[in-house]
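# Examination of the molecular architecture
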Amino acid sequence: NAGVMQNPRHLVRRRGQEARLRCSPMKGHSHVYWYRQLPEEGLKFMVYLQKENIIDESGMPKERFSAEFPKEGPSILRIQQVVRGDSAAYFCASSPPETGMENTEAFFGQGTRLTVV
Amino acid sequence: GENVEQHPSTLSVQEGDSAVIKCTYSDSASNYFPWYKQELGKRPQLIIDIRSNVGEKKDQRIAVTLNKTAKHFSLHITETQPEDSAVYFCAASIYGNKLVFGAGTILRVKS
(Lines give C-alpha, C1' and ligand atoms only; values in the text may rest on other atoms or scores of the structure.)
Protein backbone atom coordinates (compact mmCIF):
# COMPACT_ATOMS: atom_id res chain seq x y z
CA ASN A 1 0.00 0.00 0.00
CA ALA A 2 1.64 3.18 -1.19
CA GLY A 3 -0.18 5.39 1.28
CA VAL A 4 -1.70 8.78 0.50
CA MET A 5 0.15 10.29 -2.45
CA GLN A 6 0.30 13.98 -3.12
CA ASN A 7 1.89 15.74 -6.03
CA PRO A 8 3.70 17.81 -6.72
CA ARG A 9 5.72 17.93 -3.50
CA HIS A 10 6.81 21.47 -4.25
CA LEU A 11 5.08 24.00 -6.46
CA VAL A 12 6.16 27.53 -7.30
CA ARG A 13 3.67 29.89 -8.89
CA ARG A 14 3.77 33.57 -9.75
CA ARG A 15 1.04 35.82 -8.40
CA GLY A 16 -2.07 35.52 -10.54
CA GLN A 17 -1.36 32.01 -11.82
CA GLU A 18 -3.36 28.90 -11.01
CA ALA A 19 -2.18 26.13 -8.70
CA ARG A 20 -3.44 22.54 -8.95
CA LEU A 21 -2.68 20.16 -6.14
CA ARG A 22 -3.40 16.44 -6.44
CA CYS A 23 -4.17 13.85 -3.81
CA SER A 24 -4.52 10.13 -4.46
CA PRO A 25 -6.01 8.45 -1.40
CA MET A 26 -4.90 5.13 -0.03
CA LYS A 27 -6.19 2.15 -1.99
CA GLY A 28 -9.79 1.48 -1.11
CA HIS A 29 -10.29 4.87 0.55
CA SER A 30 -13.07 7.06 -0.77
CA HIS A 31 -13.06 9.94 1.73
CA VAL A 32 -10.58 12.78 1.31
CA TYR A 33 -9.89 15.76 3.58
CA TRP A 34 -7.76 18.77 2.65
CA TYR A 35 -5.86 20.87 5.21
CA ARG A 36 -3.71 23.97 4.92
CA GLN A 37 -0.73 24.68 7.16
CA LEU A 38 0.64 28.21 7.15
CA PRO A 39 4.28 28.61 8.27
CA GLU A 40 4.70 27.88 11.97
CA GLU A 41 0.99 27.24 12.48
CA GLY A 42 -1.27 24.25 12.97
CA LEU A 43 -3.25 22.58 10.22
CA LYS A 44 -6.59 24.13 9.29
CA PHE A 45 -9.41 22.06 7.82
CA MET A 46 -10.51 23.16 4.37
CA VAL A 47 -12.84 20.61 2.78
CA TYR A 48 -14.14 17.04 3.05
CA LEU A 49 -15.04 15.14 -0.10
CA GLN A 50 -16.33 11.75 -1.05
CA LYS A 51 -16.31 10.45 -4.60
CA GLU A 52 -18.14 13.04 -6.73
CA ASN A 53 -19.51 14.86 -3.66
CA ILE A 54 -18.42 17.76 -1.49
CA ILE A 55 -19.59 16.91 2.03
CA ASP A 56 -18.23 19.80 4.08
CA GLU A 57 -16.50 22.88 2.67
CA SER A 58 -16.84 25.06 5.74
CA GLY A 59 -13.09 25.75 5.83
CA MET A 60 -12.68 26.75 2.20
CA PRO A 61 -12.15 30.42 1.36
CA LYS A 62 -15.18 31.67 -0.54
CA GLU A 63 -13.23 32.86 -3.55
CA ARG A 64 -10.50 31.40 -5.74
CA PHE A 65 -10.45 27.97 -4.05
CA SER A 66 -12.26 24.88 -5.29
CA ALA A 67 -11.96 21.13 -4.77
CA GLU A 68 -13.20 18.04 -6.52
CA PHE A 69 -12.93 14.28 -6.19
CA PRO A 70 -14.07 12.70 -9.43
CA LYS A 71 -15.24 9.13 -9.86
CA GLU A 72 -11.92 8.30 -11.45
CA GLY A 73 -8.58 9.86 -10.60
CA PRO A 74 -7.19 11.90 -7.74
CA SER A 75 -8.79 14.63 -5.72
CA ILE A 76 -7.80 18.10 -6.94
CA LEU A 77 -7.49 21.29 -4.93
CA ARG A 78 -7.43 24.27 -7.27
CA ILE A 79 -6.37 27.76 -6.34
CA GLN A 80 -7.00 30.41 -8.96
CA GLN A 81 -5.16 33.74 -9.17
CA VAL A 82 -2.79 32.84 -6.37
CA VAL A 83 -1.55 35.52 -3.97
CA ARG A 84 1.46 35.49 -1.62
CA GLY A 85 -0.81 34.64 1.32
CA ASP A 86 -1.62 31.30 -0.32
CA SER A 87 1.96 30.15 0.29
CA ALA A 88 1.60 27.20 2.64
CA ALA A 89 1.81 23.44 2.93
CA TYR A 90 -1.35 21.68 1.78
CA PHE A 91 -2.00 18.23 3.19
CA CYS A 92 -4.67 15.72 2.35
CA ALA A 93 -5.84 12.79 4.43
CA SER A 94 -7.96 9.80 3.45
CA SER A 95 -10.17 7.26 5.18
CA PRO A 96 -12.04 4.14 4.03
CA PRO A 97 -15.71 4.18 3.01
CA GLU A 98 -16.97 2.02 5.84
CA THR A 99 -16.00 4.57 8.47
CA GLY A 100 -18.61 7.06 7.37
CA MET A 101 -18.72 9.78 10.01
CA GLU A 102 -16.89 7.64 12.56
CA ASN A 103 -13.61 8.96 13.90
CA THR A 104 -10.62 7.08 12.61
CA GLU A 105 -6.93 7.71 12.20
CA ALA A 106 -6.27 10.30 9.51
CA PHE A 107 -3.61 9.08 7.08
CA PHE A 108 -1.85 12.19 5.80
CA GLY A 109 0.02 12.54 2.56
CA GLN A 110 3.47 14.15 2.41
CA GLY A 111 1.94 17.47 1.47
CA THR A 112 2.44 19.99 -1.31
CA ARG A 113 4.44 23.05 -0.44
CA LEU A 114 3.16 25.96 -2.47
CA THR A 115 5.30 29.05 -2.83
CA VAL A 116 3.85 32.12 -4.53
CA VAL A 117 6.44 34.55 -5.80
CA GLY B 1 -17.38 26.04 15.95
CA GLU B 2 -14.72 24.09 17.77
CA ASN B 3 -11.64 25.90 19.07
CA VAL B 4 -8.56 24.15 20.44
CA GLU B 5 -5.92 25.92 22.51
CA GLN B 6 -2.54 24.36 23.17
CA HIS B 7 0.17 25.18 25.71
CA PRO B 8 3.04 25.72 25.93
CA SER B 9 4.13 26.90 22.51
CA THR B 10 7.72 25.80 23.20
CA LEU B 11 9.08 23.33 25.70
CA SER B 12 12.68 22.47 26.46
CA VAL B 13 13.51 19.48 28.62
CA GLN B 14 16.63 17.57 29.52
CA GLU B 15 17.00 14.11 28.08
CA GLY B 16 15.35 11.61 30.41
CA ASP B 17 12.93 14.12 31.89
CA SER B 18 9.17 14.15 31.26
CA ALA B 19 7.29 16.50 28.97
CA VAL B 20 3.66 17.53 29.33
CA ILE B 21 1.60 19.38 26.73
CA LYS B 22 -1.92 20.56 27.49
CA CYS B 23 -4.90 21.35 25.29
CA THR B 24 -8.40 22.66 25.90
CA TYR B 25 -11.36 22.44 23.55
CA SER B 26 -14.62 24.33 23.42
CA ASP B 27 -17.22 22.05 21.81
CA SER B 28 -18.59 19.39 24.15
CA ALA B 29 -19.69 17.39 21.07
CA SER B 30 -16.05 16.62 20.23
CA ASN B 31 -15.44 12.95 20.87
CA TYR B 32 -12.05 12.08 19.40
CA PHE B 33 -8.70 13.58 20.42
CA PRO B 34 -5.57 12.59 18.49
CA TRP B 35 -2.01 13.81 18.98
CA TYR B 36 0.34 14.27 16.04
CA LYS B 37 4.10 14.61 15.81
CA GLN B 38 5.50 16.59 12.92
CA GLU B 39 9.16 16.80 12.02
CA LEU B 40 10.45 19.64 9.89
CA GLY B 41 9.21 19.40 6.33
CA LYS B 42 7.30 16.17 6.93
CA ARG B 43 3.71 15.10 7.32
CA PRO B 44 1.96 14.91 10.69
CA GLN B 45 2.06 11.42 12.12
CA LEU B 46 -0.36 10.08 14.69
CA ILE B 47 1.35 9.10 17.93
CA ILE B 48 -1.64 8.42 20.16
CA ASP B 49 -5.36 9.12 20.28
CA ILE B 50 -8.17 8.91 22.81
CA ARG B 51 -11.94 8.77 22.52
CA SER B 52 -14.39 10.51 24.79
CA ASN B 53 -15.48 7.31 26.53
CA VAL B 54 -11.95 6.78 27.91
CA GLY B 55 -10.11 8.82 30.52
CA GLU B 56 -6.55 7.68 29.93
CA LYS B 57 -4.54 5.74 27.39
CA LYS B 58 -0.91 4.70 27.42
CA ASP B 59 1.48 3.42 24.78
CA GLN B 60 5.00 2.78 26.08
CA ARG B 61 6.51 6.20 26.93
CA ILE B 62 3.48 8.16 25.73
CA ALA B 63 0.21 8.67 27.58
CA VAL B 64 -2.83 10.85 27.05
CA THR B 65 -5.41 11.89 29.62
CA LEU B 66 -8.84 13.36 28.97
CA ASN B 67 -11.08 15.33 31.31
CA LYS B 68 -14.43 15.73 29.54
CA THR B 69 -15.95 17.85 32.30
CA ALA B 70 -13.18 20.42 32.12
CA LYS B 71 -12.76 19.93 28.35
CA HIS B 72 -9.04 19.44 28.45
CA PHE B 73 -6.63 16.72 27.48
CA SER B 74 -2.90 16.30 27.93
CA LEU B 75 0.02 14.47 26.36
CA HIS B 76 2.68 13.01 28.64
CA ILE B 77 6.04 11.81 27.33
CA THR B 78 8.29 10.11 29.85
CA GLU B 79 12.03 9.41 29.59
CA THR B 80 12.38 11.85 26.72
CA GLN B 81 15.00 11.20 24.06
CA PRO B 82 16.59 13.55 21.48
CA GLU B 83 14.51 11.91 18.73
CA ASP B 84 11.36 13.12 20.49
CA SER B 85 12.29 16.66 19.42
CA ALA B 86 9.61 17.82 17.00
CA VAL B 87 6.41 19.87 16.85
CA TYR B 88 3.45 18.25 18.56
CA PHE B 89 -0.17 19.05 17.71
CA CYS B 90 -3.30 18.17 19.58
CA ALA B 91 -6.62 18.00 17.75
CA ALA B 92 -10.31 17.51 18.43
CA SER B 93 -12.93 16.02 16.16
CA ILE B 94 -16.68 15.74 16.05
CA TYR B 95 -16.76 13.45 13.04
CA GLY B 96 -14.56 11.49 10.70
CA ASN B 97 -11.23 13.09 9.89
CA LYS B 98 -12.47 16.66 10.27
CA LEU B 99 -9.94 17.77 12.85
CA VAL B 100 -9.49 21.10 14.62
CA PHE B 101 -5.80 21.45 15.51
CA GLY B 102 -4.06 23.35 18.25
CA ALA B 103 -1.30 25.77 17.30
CA GLY B 104 1.46 23.31 18.15
CA THR B 105 4.22 22.86 20.72
CA ILE B 106 7.88 22.85 19.73
CA LEU B 107 9.55 20.25 21.94
CA ARG B 108 13.33 20.34 22.30
CA VAL B 109 15.04 17.54 24.15
CA LYS B 110 18.55 18.52 25.20
CA SER B 111 21.15 15.79 25.53
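Description of the structure in this document. What you see is a predicted model; the values in this text were computed from it and never measured. (Residues numbered from 1 in each chain as written. Chains lettered and ligands numbered in written order. Predicted model: local features only at pLDDT ≥ 70, side-chain atom pairs only at ≥ 80, totals over all residues. Heavy atoms only, no water.)

Moving on: the overall build of chain A. Along chain A, the regular secondary structure elements total zero helices and 11 strands. Listing each helix as α and each strand as β along chain A from the N terminus yields β-β-β-β-β-β-β-β-β-β-β. C-alpha atoms of chain A, sized along the principal axes, occupy 40 × 30 × 25 Å. Per-residue burial for chain A yields a buried fraction of 49% across its 117 residues. (Helix = DSSP H or I, 4+ residues; strand = E, 2+ residues; numbered from the N terminus. Buried < 20%, exposed > 50% of the residue type's maximum accessible area, 1.4 Å probe, protein only.)

This next bit is on the nonpolar core. Within the largest apolar cluster, 24 residues are counted, with the highest numbers of intra-cluster contacts made by Trp 35, Phe 73, Leu 75, Tyr 88 and Leu 107 of chain B. Put simply, the parts of the chain that give this core at least two residues each are β2 (10–14), β3 (19–25), β4 (32–38), β5 (45–51), β7 (62–67), β8 (72–77), β9 (86–95) and β11 (105–110) of chain B. Contact partners of Tyr 88 of chain B, with chain neighbours within four places excluded, come to Gln 6, Ile 21, Tyr 36, Lys 37, Ile 47, Leu 75, Ile 77, Gly 104, Thr 105 and Leu 107 of chain B. By size, the runner-up hydrophobic cluster in this structure holds 23 residues, among which are Cys 23, Met 26, Phe 65 and Val 82 of chain A. (Core = buried A, V, L, I, M, F, W, Y, C linked by side-chain atoms within 4.5 Å. Contact = heavy atoms within 4.5 Å.)

For the structure shown, the criterion picks out six salt bridges over all chains. One salt bridge in this structure joins Asp 56 of chain A and Lys 98 of chain B, with 2.8 Å as the shortest N-O distance. With Asp 56 of chain A in strand β6 (residues 53–56) and Lys 98 of chain B in strand β10 (residues 98–101), the pair connects residues from two separate chains. Owing to a relative accessible area of 21%, Lys 98 of chain B belongs among the partly exposed residues under this scheme. When the shortest N-O distance is used, the salt bridge between Asp 86 of chain A and Arg 64 of chain A registers 2.7 Å. Taken as a pair, Asp 86 of chain A in the loop between β8 (75–79) and β9 (88–95) and Arg 64 of chain A in the loop between β6 and β7 (65–68) lie far apart in primary sequence, 22 residues in all. The exposure class assigned to Arg 64 of chain A is partly exposed, which follows from its relative accessible area of 25%. (Salt bridge = Lys/Arg side-chain N within 4 Å of Asp/Glu carboxyl O.)

With that settled, the discussion passes to the sheet that holds β7 of chain B. Residues and elements named next belong to chain B. Reading across from one edge, β1-β3-β8-β7-β6 is the order of the five strands in this open sheet, with antiparallel pairing throughout. Two strands bound the open sheet, and with one partner strand each, they are β1 (4–7) and β6 (56–59). Taking the axes of each pair of neighbouring strands and ignoring which way they run, one obtains an average angle of 15° across the sheet. When β7 meets β8, the two strands line up antiparallel, connected through six bridges. Directly across from Asn 67, in β8, lies its bridge partner His 72. (Pairing = 2+ DSSP bridges. Axes fitted to C-alpha atoms, helices over the stretch in contact; angles between N-to-C directions.)

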